[in-house]
Amino acid sequence: MTATTIDGRAVSQKIKEQVKMRVERLKEQGVIPGLAVVLVGEDSASHTYVKNKKKSCEALGMRSDLHQFPDTLTEAELLSTIEELNNDPQIHGILVQLPLPAQIDEFKVILAIDPAKDVDGFHPISVGNMMIGKEAFLPCTPHGIMKLLEHYDINPAGKHTVVIGRSNIVGKPVGQLMLQKDATVTYCHSKTTDLASFTRQADILVSAIGRAKLIDQSFIKPGAVVIDVGMNRDENGKLCGDVDFADVSQTASFLTPVPGGVGPMTIAMLMENTVQSAENGLQKDKSAETM
Ligand SMILES: Nc1nc2c(c(=O)[nH]1)N[C@@H](CN(C=O)c1ccc(C(=O)N[C@@H](CCC(=O)O)C(=O)O)cc1)CN2
Ligand SMILES: [Mg+2]
């Protein structure tokens, strides 16, 4: 068997085209969707992601404001920036690029973001609403994974999904979204003993463990769908996922590449959340007018 490569670039492009039309409709009503991106420190990967977010906003006709700070920024200074952005009516989405420097408490920062502008879906209110299946901004990478499955007609219902990784931004929420689609979900992580004994039971395997090419055929049930969220460097410094693509493509049915799989979807879903936030704001203004 040779797996079908899931083309995240193509699917993300389609989503961005839909977002662009929604932006145009908002502009006709006098609203320009605005995303504020807060970047602290010099992490070069973070700089690349932020640059790509800005480029995407521009391509779709959205406003994007970059608030860039040195890694000496204090927590109080960051919280005060967030307060300003919360109160800025031109800004519909606030995103604080993670990770943050050690002196800043990530949780306090996320908690300070107005949930109505939480386009990353990291605020506990967004997480809670997602958990109980209520309307919420969904975290971009997990949401992007669900969109990829949908696009390739892969229905998680009744399937065993195994998630490797338990981060708040990928592992935990992707398992929840799978559960909402009626999958049976198992979480594995760095303390799991005999990882392969679990992953070999997976109809859908999501790997977000951060270990270059750890997952080879010996971890895979023949015909499984394999979603690689890893962003690692191989022995030659080349970007690679958690999955040994060439090996696993011999046994999986569908497989995401790195780069070009899940990554581009993260940014597309951020664009979608931002336009959604601007639409929500317009709706709220209209309702207030008629009261
Ligand atoms: N506030 C947030 N911080 C972080 C998030 C997030 O969703 N919100 N996720 C990651 C980083 N991330 C976005 O911020 C992100 C990672 C990777 C990609 C991507 O497109 N990857 C490309 C390859 C890029 C490359 O060549 O280096 C791909 O996979 O094709 C987009 C966004 C952590 N922080
Ligand atoms: Mg992490």
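Residues numbered from 1 in each chain as written. Chains lettered and ligands numbered in written order. Predicted model: local features only at pLDDT ≥ 70, side-chain atom pairs only at ≥ 80, totals over all residues.

This part covers the site of ligand 1. What surrounds ligand 1 is a group of 19 residues, the closest being Y49, L98, P259, G263 and T266. Looking at the shell around ligand 1, the elements with two or more residues in it are α2 (44-59), β4 (93-96), α6 (140-151) and α10 (262-289). Examining the composition of the shell around ligand 1, we find that four residues originate from one element, α10, more than from any other. Considered class by class, the residues forming the shell around ligand 1 number 12 nonpolar, six polar and one charged. Looking at which domains feed residues into the shell around ligand 1, each of domain 1 (29-131) and domain 2 (140-262) gives three or more. (Near = placed C-beta within 6 Å. Helix = DSSP H or I, 4+ residues; strand = E, 2+ residues; numbered from the N terminus. Nonpolar A, V, L, I, M, F, W, Y, C, P; charged D, E, K, R; others polar. Domains from an automatic or database assignment.)

What the six strands build is an open sheet, ordered β1-β11-β8-β7-β5-β6; its pairing is parallel. At either margin of the open sheet sits one strand with a lone partner, and together these are β1 (4-5) and β6 (184-188). In the sheet, strand β7 (residues 204-207) pairs with strand β8 (residues 225-228) via four bridges, with the strands oriented parallel. Pairing of I204 across the sheet is with V225, part of β8. Along the sheet face, helix α7 (residues 171-180) touches β5 (160-164), β6 and β7 and points at about 170 degrees away from the line of β6. (Pairing = 2+ DSSP bridges. Contact = placed C-beta atoms within 7 Å. Axes fitted to C-alpha atoms, helices over the stretch in contact; angles between N-to-C directions.)

What follows covers the domain arrangement of the protein. Split into domains, the protein comes out as domain 1 (29-131) and domain 2 (140-262). Distance between the C-alpha centres of domain 1 and domain 2: 27 Å. Taken together, the contact pairs five residues of domain 1 with four residues of domain 2. Counted by class, the side of domain 1 that touches domain 2 contains three nonpolar, one polar and one charged residues.

Let us look at the pairing of β5. Extensive coverage of β5 is indicated by the burial of four of its five residues. Two strands pair when backbone bridges link them, and β5 and β6 are joined in this way by five bridges, in the parallel orientation. Of the residues in β6, the one forming a bridge with T161 is V185. Following the chain from β5 across α7 to the adjacent parallel β6, one finds a crossover that is right-handed. Judged from the four bridges that link them, β5 and β7 form a sheet pairing that is parallel. From the neighbouring strand, V162 faces β7, where its bridge partner is L205. (Buried ≥ 20, exposed ≤ 12 C-beta atoms within 10 Å, placed from the backbone. Right-handed = clockwise from strand over helix to strand, strands pointing away.)

As a further point, take the UniProt feature "domain: Tetrahydrofolate dehydrogenase/cyclohydrolase NAD(P)-binding" (unreviewed entry) in the protein. As annotated in UniProt, the feature "domain: Tetrahydrofolate dehydrogenase/cyclohydrolase NAD(P)-binding" (unreviewed entry) corresponds to residues 139-280 in the numbering used here. The straight-line gap between the two end C-alpha atoms of residues 139-280 is 17 Å; of that span, 35% is helix and 17% is strand. (UniProt positions renumbered as here; feature names shortened; annotations may be inferred.)

Let us now look at the nonpolar core. As a rule of thumb, soluble globular proteins bury nonpolar side chains together. Judged by nonpolar contacts, the single largest core of 75 residues is most densely connected at L205, V206 and V226. Here the element with the most residues in this core is α10; it accounts for nine residues. For this core, the two domains that each supply at least three residues are domain 1 (29-131) and domain 2 (140-262). V206 has contacts with I145, T161, V163, I164, V174, I227 and V229, leaving out every residue within four places of it along the chain. (Core = buried A, V, L, I, M, F, W, Y, C linked by C-beta atoms within 7 Å.)

By definition, the strands of a sheet pair up through backbone hydrogen bonds, in either a parallel or an antiparallel sense. Strand order in the open sheet formed by three strands is β3-β2-β4, and the pairing between neighbours is parallel. Only two strands of the sheet have a single partner each, and these edge strands are β3 (63-69) and β4. For this sheet, the mean angle separating the axes of adjacent strands, direction not counted, is 15 degrees. With four bridges connecting them, strand β2 (residues 34-40) and β4 associate as parallel partners. Of the residues in β4, the one forming a bridge with L35 is G93. Along the sheet face, α2 touches β2 and β3 and points at about 160 degrees away from the line of β3. On top of the sheet, helix α3 (residues 75-86) reaches β2, β3 and β4; it is set at about 175 degrees to β2, its chief contact.

Before going further, it helps to spend a moment on the UniProt feature "binding site: NADP(+)" (unreviewed entry) in the protein. Under the local residue numbering, the UniProt record ascribes the feature "binding site: NADP(+)" (unreviewed entry) to G165, R166 and S167. Here R166 shows up in the loop between β5 and α7. Among the residues examined, R166 registers 17 C-beta atoms within 10 Å and is labelled partly exposed. If near-sequence neighbours (up to four positions away) are discounted, R166 is found in contact with G171, K172, Y187 and H189. For S167, the residues in contact, after removing those within four places along its chain, are K172 and A208.

What follows covers unusual backbone geometry. Of note, the bond from L98 into P99 is cis; its omega dihedral lies within 30 degrees of zero at 5 degrees. In this chain, V258 is followed by P259 through a cis amide linkage whose omega measures 0 degrees. Tracing the backbone through its elements, the reader meets P259 in the loop between β11 (254-255) and α10. Positive phi outside glycine occurs at D182, with the angle close to 70 degrees. Topologically, D182 is positioned in the loop between α7 and β6. Assessed through the 11 C-beta atoms surrounding it within 10 Å, D182 is described here as exposed.

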